[in-house]
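# Coordinates in review
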Amino acid sequence: MGKQTWTYPPEEDLLPHTRNILRLWRQTGLTASEYCAAIGVERNSLRAWRIGRQAPSLATTARVALYHQVAIGSLVDDLLAYKEK
């Protein structure tokens, strides 16, 4: 079997906190495996976020905020406006 390729939706179609977490990951320069190990999630979870199949849980979002030393509010603030659409 060949390697499976993934189609990623436009980032604006993802939930705001998912976009924010993916943006922070890209800024680290870590590989997907390294980042997942650092924030305590399976690599499949990161893939699911990127393809829009799943969103990070609140507990995961809190771990991401701690890892990046940012306020959790900075990751989820846009979520309320998104829900109102």
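Structure report, in brief.

The rules behind these values
Residues numbered from 1 in each chain as written. Predicted model: local features only at pLDDT ≥ 70, side-chain atom pairs only at ≥ 80, totals over all residues. Heavy atoms only, no water. Phe/Tyr/Trp six-rings, centres within 6.5 Å; stacked < 30°, edge-to-face > 60°. Helix = DSSP H or I, 4+ residues; strand = E, 2+ residues; numbered from the N terminus. Buried < 20%, exposed > 50% of the residue type's maximum accessible area, 1.4 Å probe, protein only. Lys NZ or Arg CZ within 6 Å of the ring centre and 35° of its normal.

### Points about the packing of aromatic side chains
Taken as a whole and judged by the stated rule, the model has two aromatic pairs. A ring pair is formed by Tyr 35 and Tyr 67, whose centres lie 6.0 Å apart and whose planes are at 80°; its orientation type is edge-to-face. Placement of the pair is Tyr 35 in helix α2 (residues 32-39) and Tyr 67 in helix α4 (residues 58-68), with a sequence separation of 32 residues. Residue classification places Tyr 35 among the buried positions, given a relative accessible area of 0%. Classification of Tyr 67 as partly exposed rests on a relative accessible area of 35%. The rings of Trp 25, Tyr 35 and Tyr 67 are connected pair by pair, giving a single aromatic cluster. Against the face of Tyr 8 rests Arg 50, its NZ or CZ located 4.2 Å from the ring centre.

Any link to function would need more than the numbers given here.
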